[in-house]
Amino acid sequence: MSSPDNFDSLEKLLRLKQYEQPPPRYFRDFSGRVMSRIEAGEARTSWWERLGIDLRPTFAAAAGMLACGLVVYGVATADGNIEMGGDGASGGIPLPTELTARAFAQADHASPPNSTNPIPAFGTPIDHKVFEGGVIRASFPAPRR
Amino acid sequence: MVGTMKAAAVIKEMELPPEPPPPRTKEGADDSEIPDSALVKASRDGDMPAYDQLVQRYQDRIYATIYHMTSNHEDANDLAQETFIKAYSALKSFKGDSSFYTWVYRIAVNKTINFLKQRKNKVSLSLNDLDFNIENDPELVAFVSDKTPRRDIALAELQEKLNMAMQKLSDVHRMVVTLHDIQGLSHEEIATIMECNVGTVRSRLFYARQQLQAYLSDYVK
């Protein structure tokens, strides 16, 4: 057994890797393939890359700020509509906030409900149609034997 | 100059692919007499054959580094091509503080590490065949023969085990082993490429070897 800092056998074994070779004639065409790709424009760079400037962080920051700006604008616009009461601000189409406000306003003028109990109380007109209907026939499959 | 380079490229194309990998050479000391710096300057001025020469000069080493990091030929092929494309597009920003060789290595290392981060732990081996010249490496043959008389099976098995063990290392540890123990780069060169100090390279190398030794305990005496 070799000591931890005696790597003679390992070095011999690693020499095996030097003999791993790509297919024959592989390198004969290699540079041609590289040059073809360069001539096809794959090595073309943008002006900022040529200047050695990495604009990716700048673009990311700009995109983030734009997204934040849009959110802030959206929130500010929505608040304005509520204050205006929806008159003309939404171009004739009521916004959800306007609809809610109208619903509350109508609720103020509506008569209070008789009862919150779903079972009809005495004196309440009963819609008899509720109880009409056919006989419910349940059918079950015959058990297997 | 363009004409000379075109002619050199044609001659290079007529040659057979360099197999097995040639010994590592320093900048400008390759088979061509034209130094890297001249080729870089010409490439910057739009001389495509000059850049083609640079690619040919370092393609095998860049490919091999990425291959040993990924243990996958297809990934190494894509990443090596992308490395040279990226290097070409960034050539104007190359100030020449380091050699072109170190600079392009750094691009390859960063690209590979980014790729491995995206790949996470999904390792799929696509190993290259062993070169027949392995038979001419007496030390390695003796080492393998020691283990089993059936060398062909042992080599394939060893290759797979070795690659799997390599993939168990962290990216930076695998990179240090690749650059030092397989590619033969010095600690100083690795420190420059990986943008860390030499002490870090040494400690990473020691730790990585220890890990590998533990993973391959059945094969390493």
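First, a word on scope: everything that follows refers to the structure included in this document.

How each quantity is defined
Residues numbered from 1 in each chain as written. Chains lettered and ligands numbered in written order. Predicted model: local features only at pLDDT ≥ 70, side-chain atom pairs only at ≥ 80, totals over all residues. Heavy atoms only, no water. Helix = DSSP H or I, 4+ residues; strand = E, 2+ residues; numbered from the N terminus. Expected span 1.5 Å × (residues − 1). Buried < 20%, exposed > 50% of the residue type's maximum accessible area, 1.4 Å probe, protein only. Contact = heavy atoms within 4.5 Å. Polar contact = N/O pair within 3.5 Å; in protein donor to acceptor, adjacent residues only side chain to side chain. Buried area = accessible area lost by both parts, 1.4 Å probe. Salt bridge = Lys/Arg side-chain N within 4 Å of Asp/Glu carboxyl O. Nonpolar A, V, L, I, M, F, W, Y, C, P; charged D, E, K, R; others polar. Pairing = 2+ DSSP bridges. Phe/Tyr/Trp six-rings, centres within 6.5 Å; stacked < 30°, edge-to-face > 60°. Lys NZ or Arg CZ within 6 Å of the ring centre and 35° of its normal. Axes fitted to C-alpha atoms, helices over the stretch in contact; angles between N-to-C directions. Parallel < 35°, antiparallel > 145°, perpendicular 65-115°, else oblique. Left-handed = near helix turned anticlockwise from the far one by under 90°.

**Some words on helix α4 (residues 73-89) of chain B**
- With 17 residues, α4(B) extends 24 Å between its outermost C-alpha atoms, agreeing within 8% with the 24 Å of an ideal straight helix rising 1.5 Å per residue.
- Where burial is concerned, most of α4(B) is hidden: 12 out of the 17 residues are buried.
- Looking only at α4(B), the buried set comprises B:H73, B:D75, B:A76, B:N77, B:L79, B:A80, B:Q81, B:T83, B:F84, B:I85, B:A87 and B:Y88.
- Buried-residue contacts for α4(B) involve α2 (26-42) of chain A together with α2 (36-44), α3 (48-70) and α5 (100-119) of chain B.
- With a side-chain oxygen lying 3.1 Å from the backbone nitrogen of B:E74, the N-terminal cap of α4(B) falls on B:N72.

**Describing the interface of chain A and chain B**
- Every contact between the two is made by 39 residues of chain A and, on the other side, 55 residues of chain B.
- Summed over both partners, the interface of chain A with chain B comes to about 4600 Å²; 67% of that surface belongs to carbon and sulfur atoms.
- At the junction of chain A with chain B, the criterion picks out two salt bridges.
- Across the pair A:R15 and B:D137 runs a salt bridge, and its minimum N-O distance is 2.5 Å.
- Sorting the residues of the side of chain A that touches chain B by element identifies α1 (8-14), β1 (20-21) and α2 of chain A as the ones contributing at least two each.
- Tallying contributions element by element places α2(A) first for the side of chain A that touches chain B, with 13 residues.
- Residue composition of the side of chain A that touches chain B, grouped by class: 18 nonpolar, nine polar and 12 charged.
- Both β1(A) and strand β1 (residues 129-130) of chain B contribute to a ladder of two bridges, which runs antiparallel. Bridging across to β1(B), A:Q21 finds its partner in B:D129.

**Some points on the packing of aromatic side chains**
- For the structure on display, the rule yields 15 aromatic pairs over all chains.
- Ring geometry for A:F27 versus B:Y63: centroids 5.5 Å apart, planes at 85°, classification edge-to-face. With A:F27 in helix α2 and B:Y63 in helix α3, this pair bridges two chains. For the pair formed by A:F27 and B:Y63, the shared burial category is buried.
- Centre to centre, the rings of B:F100 and B:W103 are 5.9 Å apart; their planes meet at 45°, and the pair counts as tilted. With B:F100 and B:W103 both in helix α5 and three residues apart, this pair spans about one turn of that helix. With respect to burial, B:F100 and B:W103 carry one shared label: buried.
- Three or more aromatic residues joined by ring pairs make a cluster, and in this case those are A:Y26, A:F27, A:F30, B:Y63, B:Y67 and B:F84.
- Its end group placed over the ring of B:Y215, B:K168 keeps NZ or CZ at 5.0 Å from the ring centre.

**Structural notes on the packing of α5(B) against helix α9 (residues 187-194) of chain B**
Residues and elements named next belong to chain B.
- Interhelical geometry of α5 versus α9 gives an angle of 60° and a closest axis separation of 8 Å. Between α5 and α9, the interaxial angle falls into the category oblique. Once α5 is placed against α9, the crossing between them reads as right-handed. Between α5, through Y101, T102, Y105, R106 and V109, and α9, the contact on the second element is made entirely by E189, T192 and I193.

**What about the pattern of salt bridges?**
- The final tally for this structure, using the stated rule, is eight salt bridges over all chains.
- Close ionic contact of B:K41 with B:D45 constitutes a salt bridge, the shortest N to O distance being 3.9 Å.
- For B:D171, the salt bridge is made with B:R174, and the minimal N-O distance between the two is 3.3 Å. Linking B:D171 with B:R174, this pair stays in helix α8 (residues 171-182), spanning three residues, or about one helical turn.
- One continuous salt-bridge network, built from bridges that share partners, spans A:E11, B:D181 and B:R209.

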